[in-house]
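Each chain, letter by letter, is given below.
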Amino acid sequence: MHEQNGEVVGMADTQQSVDAVEVPVLDLSRFESRMFSRGRPAWVEAAWLVVQAFFVSSWIPGSVHRKLLLQVFGSHIGEGVVIKPNVRIKFPWRLEIGDYSWIGEDTWIDNLAVVKIGSNVCISQGAYLCTGSHDWSSPTFDLIVKPITIGDGAWVAAKSTVGPGVKIGEGAVLSLGSTISQDLEPLCVYAGAPAQFVKKRVLKPRETG
């Protein structure tokens, strides 16, 4: 028992008042995705799923056919881009890759929003670029999508995760297995989950001769 506003209140009474408070819960039956534009008709998306399964995400080596098929479905792919087997891309029409960038095996580009990858970027094996999330304060778990931008010369190391809306500065490094939901400054190294600044990245002069 305890005193509340000058009155003695029993623990049972307190528990009843707690039980009387309605706890909000999710109602996923009310989730609405119709407001989200997928960017292409359903038949185009279905065709992409088939093409991706048999050619882009397959074990078949080589980048030429992957780049060609991505371009057919609306991607902007620069010169000298390397795309390894088992890569997954949600919407190719929302993907831009600059010149001489590498996309490693098992990379998942979950691009509900646009993903822009600059030139000379390395996305290593098993990296996950996630542009979608949900409003956890909404009882209908509303969808939230934000683009990802990766600057020239950056490196997203193996098994790393990049969250919605993140901008990775030119030459920045996200280390092995790290997770980031905030922007990364240019020419800085980050590590951890969530990733934290480690040190500046200093590039050695190019050898000549």
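It should be noted that the structure appears before, not after, this text.
Here the structure is a predicted model, which means the values were calculated and not measured.

Sheets are built from strands that pair by backbone hydrogen bonding, the pairs being arranged parallel or antiparallel. Sheet architecture is open: five strands sit in the order E3-E6-E9-E14-E17, paired in parallel fashion. At either margin of the open sheet sits one strand with a lone partner, and together these are strand E3 (76-77) and strand E17 (167-168). Examined bridge by bridge, strand E9 (residues 115-117) and strand E14 (residues 148-150) share three bridges and lie parallel to one another. Looking across to E14, one finds that Val115 is bridged to Ile148.

On to the pattern of salt bridges, then. Following the criterion strictly, the structure yields one salt bridge and no others. A salt bridge links Glu45 to Arg38; the shortest N-O distance between them is 2.7 Å. Judged by relative accessible area, which is 13%, Glu45 ranks as buried.

In terms of nonpolar packing, the biggest core is built from 39 residues, with Ile117, Ile150, Val162 and Ile168 touching the most fellow members. For this core, the secondary structure elements donating two or more residues are helix H2 (42-56), strand E6 (95-97), E9, E14 and strand E20 (188-192). Looking at this core element by element, the count peaks at four residues for H2. Those residues within four positions of Val162 in sequence are excluded, and the remaining contacts are Tyr128, Leu129, Cys130, Ile148, Val156, Ile168, Leu174 and Ile180.

Quick look at the pairing of strand E21 (residues 195-200) now. By the bridge criterion, five bridges tie E20 to E21 in an arrangement that is antiparallel. Along E21, the bridge assignment pairs Ala191 with Gln196.

For the rest of this paragraph, the subject is the environment of Ala195. Looking at where Ala195 falls in the secondary structure, it is placed in strand E21. When the C-alpha positions of Ala195 and Gln182 are compared, they lie 8.8 Å apart, and in sequence the two are 13 residues distant. Not counting the four nearest positions on each side in its chain, Ala195 is found in contact with Leu174, Ser178, Thr179, Ile180 and Tyr190.

Parameters and conventions
- Residues numbered from 1 in each chain as written.
- Predicted model: local features only at pLDDT ≥ 70, side-chain atom pairs only at ≥ 80, totals over all residues.
- Heavy atoms only, no water.
- Pairing = 2+ DSSP bridges.
- Helix = DSSP H or I, 4+ residues; strand = E, 2+ residues; numbered from the N terminus.
- Salt bridge = Lys/Arg side-chain N within 4 Å of Asp/Glu carboxyl O.
- Buried < 20%, exposed > 50% of the residue type's maximum accessible area, 1.4 Å probe, protein only.
- Core = buried A, V, L, I, M, F, W, Y, C linked by side-chain atoms within 4.5 Å.
- Contact = heavy atoms within 4.5 Å.

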